[in-house]
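# Coordinate inspection notes
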Amino acid sequence: MAKTNTTEISTEPNGDLDRRSFLRKSLAAGGAVAAASAGATQALAEVNPANLPPNKPIWSQMLGPGVTQSPYGSPSPHEAHVVRRNVGWLTSSTQSSINFTPLQDLHGIITPNGLHFERHHGGVPAINPNEHRLIIHGMVKYPLMFTMEELMRFPSESHIHFIECPANGGMEWKGAQMESVQFTHGMVSCCEWTGVKVSTLLDEVGVDPKGTWVLAEGADGGAMDRSIPMEKMMDDAMICWAQNGERLRPEQGYPIRLLVPGFEGNMNIKWIRRLKVGTAPWMTREETSKYTDLMDDGTARQFTFVQETNSCITYPSAGQQMSHKGFHEITGLAWSGRGKIKQVDVSVDGGRNWRTAKLQEPVMSKCLTRFRIPWQWNGEKAQLQSRAIDETGYVQPTLAQLRKVRGVNSIYHKNSIYTWEIDTNGGIKNVQLG
Ligand SMILES: Nc1nc2c(c(=O)[nH]1)N[C@H]1C(S)=C(S)[C@@H](COP(=O)(O)O)O[C@H]1N2
Ligand SMILES: [Mo]
């Protein structure tokens, strides 16, 4: 029997993991679901025994239909539950809505295009790319207007980055109230984005050396606009036309969006039509009444561009049901708007003891990072937490530490450690500790 690392902790020292046999013992006990829970029993009820070994399943006794009827493929009908979802009381209208990514059902780090979270303040415009233009003007030598065709002639790059709405987790400032990681953390998604660097376009128009800020504006009815420091625009900002290999989805900004890696989701202007160079921020609605942080003393903190280090456990998480005692792989996601994730620690006893999780390579800057750690659940109450540390040394704060600095009046930038509490029946819910 191989031992896991010596700092193995749990509510009971039950962490001895036989690395050569994670499931063999429970499977040998007769049936794949030896300790069947309510959930597992339900799944079994839908099984036709005629399709189980030693029988030959029905699909092995005939030929399939060949190429599918739909030229653009879709997931298996058995995965129909893996969808974006919204929360009724957060949806003021169909135009101003949030649709959350089902993090609990995703694997690895890439968000499929149909599951990228959506946040629109003025609905999704129906843009004909042949009629869309990007204008760059203001304090530049040669103001220019680009067609899509012209934009796509520039040298391009592809990078994998997350986009996170700074309101992610914002409902939890005032107490735990969401029953799934889809709603507590599902305003973060991660894609491979392809486009032209903004610096390439700005070099083309010749920026006045006195130009230190850039206004980015969308072509949607809401005309979303934000001021972005020139330094960021000249660093890693991009005008993107593709995500995960195909052209942008309409809800992600088709035909083009701005990507400012690691910065507030709100600044990643979709359906972008204009970049204007100036000397100071424009103080738009989106950076004054919105996307500022109301502090404990009643003052407002302005310009919190970077999405701080954050993480969440996606399995086991609230809304799921532990199907058996014994081996479980705890897994989740960590990210930082400042760079790479350096380390993720996991606790199963509400933060008293920590073990370091394994990070899945590649670990990339301003990108989701998948972590995993083996665990033996002994059937007792457990409190699962993850704590991420990024390459700058920033450590994800506890809720108490964050509230001490920020109070409870904020909506945005809540990146504190989350707790999933598992009860003795295997039920899981979010609780707030300390
Ligand atoms: N033009 C425009 N850009 C926009 C928005 C918008 O309503 N209009 N929403 C912003 C907000 S608040 C966020 S969090 C991100 C969400 O991007 P997504 O819908 O692709 O996930 O887009 C930002 N860009
Ligand atoms: Mo947002």
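First, a word on scope: everything that follows refers to the structure included in this document. For clarity, every value in this text was computed on a predicted model and none was experimentally measured. (Residues numbered from 1 in each chain as written. Chains lettered and ligands numbered in written order. Predicted model: local features only at pLDDT ≥ 70, side-chain atom pairs only at ≥ 80, totals over all residues. Heavy atoms only, no water.)

### Topic: the sheet that holds strand β16 (residues 326-335)
Strand order across the open sheet formed by four strands is β15-β16-β20-β19, with antiparallel pairing between neighbours. Each edge of the open sheet carries a strand with a single partner, namely β15 (310-315) and β19 (358-359). As paired strands, β19 and strand β20 (residues 369-377) are joined by two bridges and run antiparallel to one another. In the strand pairing of β20, lysine 358 is matched with arginine 372. (Pairing = 2+ DSSP bridges. Helix = DSSP H or I, 4+ residues; strand = E, 2+ residues; numbered from the N terminus.)

### Considerations on unusual backbone geometry
Geometrically, the link from proline 53 to proline 54 is a cis peptide bond, its omega value of 5° lying close to zero. Note on placement: proline 54 falls in the loop between α2 (38-45) and β1 (97-99). Omega for the peptide link from glutamate 361 to proline 362 comes to -5°, which places this bond in the cis form. Along the chain, proline 362 falls in the loop between β19 and β20. In this model, lysine 366 sits at a positive phi of 55°, which is unusual for a non-glycine residue. Note on placement: lysine 366 falls in the loop between β19 and β20.

### Section: the layout of surface pockets
Of the volumes computed, that of the second largest pocket is approximately 470 Å³. Lining the second largest pocket we find 22 residues, and of these Arg119, Ala167, Lys290, Ile411 and Tyr412 sit closest to its centre. Taken together, the residues of the lining of the second largest pocket sort by class into ten nonpolar, eight polar and four charged. (1 Å grid on protein atoms, 1.4 Å probe; cavity = no way out; pocket = protein on both sides within 12 Å on 5 of 7 lines; lining within 4 Å. Points joined across faces, edges and corners; volume = space filled by probe spheres on them. Nonpolar A, V, L, I, M, F, W, Y, C, P; charged D, E, K, R; others polar.)

### Some remarks on helix α8 (residues 399-406)
Leu399, Leu402 and Arg406 are the residues of α8 that are buried. Down the axis of α8, the smallest arc covering the buried residues is 65°, so these residues share one side. Across from the buried face of α8, at angles greater than 90 degrees, the exposed residues are Lys404 and Val405. On its buried side, α8 packs onto β13 (293-294) and β14 (300-301). Positive backbone phi, at 75°, marks glycine 407, one or two positions downstream of α8. (Buried < 20%, exposed > 50% of the residue type's maximum accessible area, 1.4 Å probe, protein only. Arc of directions from axis to C-beta. Contact = heavy atoms within 4.5 Å.)

### Remarks on the state of the cysteines
Here is the idea: a disulfide is a covalent bond, and it sits between the sulfur atoms of two cysteines. Applying the stated criterion to the full structure yields zero disulfides. The closest cysteine sulfur to the non-disulfide-bonded cysteine 190 is located on cysteine 367, 3.8 Å from its own sulfur. (Disulfide = S-S within 2.5 Å.)

### Focus on the nonpolar core
Counting 34 residues, the largest nonpolar core has Leu151, Leu201, Met233, Ile239, Leu258, Ile272 and Leu275 as its most contacted members. The dominant element in this core, judged by the number of residues it contributes, is helix α5 (residues 198-205), at four residues. Once residues within four sequence positions are removed from consideration, methionine 233 is found in contact with Val198, Ser199, Leu202, Val214, Ile228, Leu258, Val260 and Leu275. (Core = buried A, V, L, I, M, F, W, Y, C linked by side-chain atoms within 4.5 Å.)

### What about the environment of phenylalanine 162?
By secondary structure assignment, the location of phenylalanine 162 is in strand β5 (residues 157-164). Separated by 100 residues in the primary sequence, phenylalanine 162 and glycine 262 have C-alpha atoms spaced 7.2 Å apart. Other than its neighbours up to four places away in sequence, phenylalanine 162 contacts Val188, Ser189, Cys190, Gly262, Gln307, Trp335, Ser336, Gly337, Lys366, Cys367 and Leu368.

These figures capture arrangement, not role.
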